[in-house]
Amino acid sequence: TNDYFGFTMEFPMEWAVASEETAEELQDMGSDIVAGDDEALQASIEAAEKNTYQLLMISEQPVGTPVTSFNPNVVVMAEKVSHLPGIASGEEYLVNVGNLLTQTELPYEAEGEPYEVEIGGRTFHRADFNLNAAGMEIKQSYLALVDEGYALGFILSGTDDTMAQLEDITKSLKF
C-alpha cells in the first residue's frame, strides 16, 4: 500500500521484499553499470537520483540467493518531474528513459514505442526492452504515469518464462 499515490498492489506471499538498504545498494550498483566510464552520463544519472525514490523492490528469491536463472523482480519507484516541463505524461517520461538506456554500455533494444495500458483504472504508458546480459535474455517492461508531480513507475524484469507472472502482479494494482 502506498498512501501518497493511493494504490495497493498484491504479490505472492513467498516473494522477498528487499530492505531499503539493499534496494539502495542495488540502485547504486546499477547506476555504475549503466553509466560505465561515461562521465556525462554518470552526472546525469546522479542528478536524476536526487529526485528518485525507490518505493518497493520485490523478487521471487531474496536478493543474493544463488539461482540458476534470472531472479524475476518488480521495482516500484517515483521520480519528481514537476520541475521538468517537458515531462507531463508517462509516455514522455518513458521516451526519456528509453533515450537514457540506449546511451548506456548495456545492449538495450527497444521493442517499439511506448504505448498506453490501463491498470487499476488508470492510464499508464509501457515501454518494453530486451537485454542480453551475461548470456541471459532479459526482458524489461517500464510502466509509468505522471501523478502529483512525480513519474510513478513500475519496472518489471524477467525472462520470457516469468514476464506473465510479473504482469499479473501489476494487474493487482488498485487506486
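For the structure, check the block above.
In short, a report on the structure. (Residues numbered from 1 in each chain as written. Predicted model: local features only at pLDDT ≥ 70, side-chain atom pairs only at ≥ 80, totals over all residues. Heavy atoms only, no water.)

What follows covers the overall build of the protein. Scanning the protein from terminus to terminus reveals four helices and eight strands. Along the chain direction, N to C, the helices and strands of the protein fall in the order β-α-α-β-β-α-β-β-β-β-β-α. Within the protein, buried positions represent 42% of all 175 residues. Considering only residue pairs separated by 6 or more positions, the protein has 56% of its internal contacts joining residues 24 or more positions apart. Split by element, the accessible area of the protein, about 9,500 Å² in all, is 49% carbon and sulfur. (Helix = DSSP H or I, 4+ residues; strand = E, 2+ residues; numbered from the N terminus. Buried < 20%, exposed > 50% of the residue type's maximum accessible area, 1.4 Å probe, protein only. Contact = heavy atoms within 4.5 Å. Areas by Shrake-Rupley, 256 points an atom, 1.4 Å probe, with all protein chains shown as cover.)

Residue position: arginine 126 is located in strand β6 (residues 122-133). Considering only alpha carbons, one finds arginine 126 and glycine 153, 27 residues apart in sequence, at a separation of 9.6 Å. Aside from chain neighbours lying at most four places away, what touches arginine 126 is Leu94, Glu113, Pro114, Tyr115, Val117, Ser141, Tyr142, Leu143 and Glu167. There is a polar contact of 2.7 Å between the side chain of arginine 126 and the side chain of aspartate 128. (Polar contact = N/O pair within 3.5 Å; in protein donor to acceptor, adjacent residues only side chain to side chain.)

Here helix α3 (residues 90-103) spans 20 Å end to end across 14 residues, near enough to the 20 Å set by a 1.5 Å rise per residue. Where α3 is concerned, the buried positions are Gly90, Tyr93, Leu94, Val97, Gly98 and Leu101. Burial along α3 is one-sided: seen end-on, the buried residues are contained in an arc of 140 degrees. Taken together, the buried residues of α3 touch β3 (73-80), β4 (108-110), β6, β7 (136-147) and β8 (150-158). (Expected span 1.5 Å × (residues − 1). Arc of directions from axis to C-beta.)

For β8, the tally of buried residues reaches nine of nine residues, placing the bulk of the element in the interior. Judged by which residues are buried, β8 turns out to be covered on both faces: Tyr150, Leu152, Phe154, Leu156 and Gly158 on one side and Ala151, Gly153, Ile155 and Ser157 on the other are all buried. Here eight bridges tie β3 to β8, and the two strands are oriented antiparallel to one another. Following the sheet pairing, asparagine 73 is matched in β8 by serine 157. Sheet topology note: the β7/β8 ladder contains nine bridges and is antiparallel. Considered in β8, the bridge of serine 141 is made with leucine 156. The antiparallel pairing of β7 with β8 creates a hairpin that spans two residues between the two strands, and glutamate 148 there sits at a positive phi of about 55 degrees. (Pairing = 2+ DSSP bridges.)

Summed over the entire model, instances satisfying the criterion amount to six salt bridges. The residue aspartate 128 makes a salt bridge to arginine 126 at a minimum N-O spacing of 2.7 Å. Residue classification places aspartate 128 among the buried positions, given a relative accessible area of 10%. Look at arginine 126 and you get buried, because its relative accessible area is 13%. (Salt bridge = Lys/Arg side-chain N within 4 Å of Asp/Glu carboxyl O.)

This part is about the side chain of serine 141. Mapped onto the fold, serine 141 is located in strand β7. Side-chain polar atoms of serine 141 contact the side chain of aspartate 128, separated by 2.5 Å. Not counting the four nearest positions on each side in its chain, serine 141 is found in contact with Arg126, Ala127, Asp128, Phe154, Ile155, Leu156 and Met163.

Another aspect to go through is the pairing of strand β5 (residues 115-119). One ladder, built from five bridges, connects β5 with β6; its direction is antiparallel. Directly across from tyrosine 115, in β6, lies its bridge partner arginine 126.

Bringing the packing of aromatic side chains into the picture now. Under the counting rule described, the total for this entry stands at ten aromatic pairs. Aromatic pair phenylalanine 124 and phenylalanine 154: ring centres 5.9 Å apart, planes at 65 degrees, arrangement edge-to-face. With phenylalanine 124 in strand β6 and phenylalanine 154 in strand β8, this residue pair connects regions lying 30 residues apart in the sequence. Judged by its relative accessible area of 0%, phenylalanine 124 is buried. The class for phenylalanine 154 is buried, based on a relative accessible area of 1%. An angle of 45 degrees between the planes, with centres 6.1 Å apart, marks the rings of phenylalanine 124 and phenylalanine 175 as tilted. (Phe/Tyr/Trp six-rings, centres within 6.5 Å; stacked < 30°, edge-to-face > 60°.)

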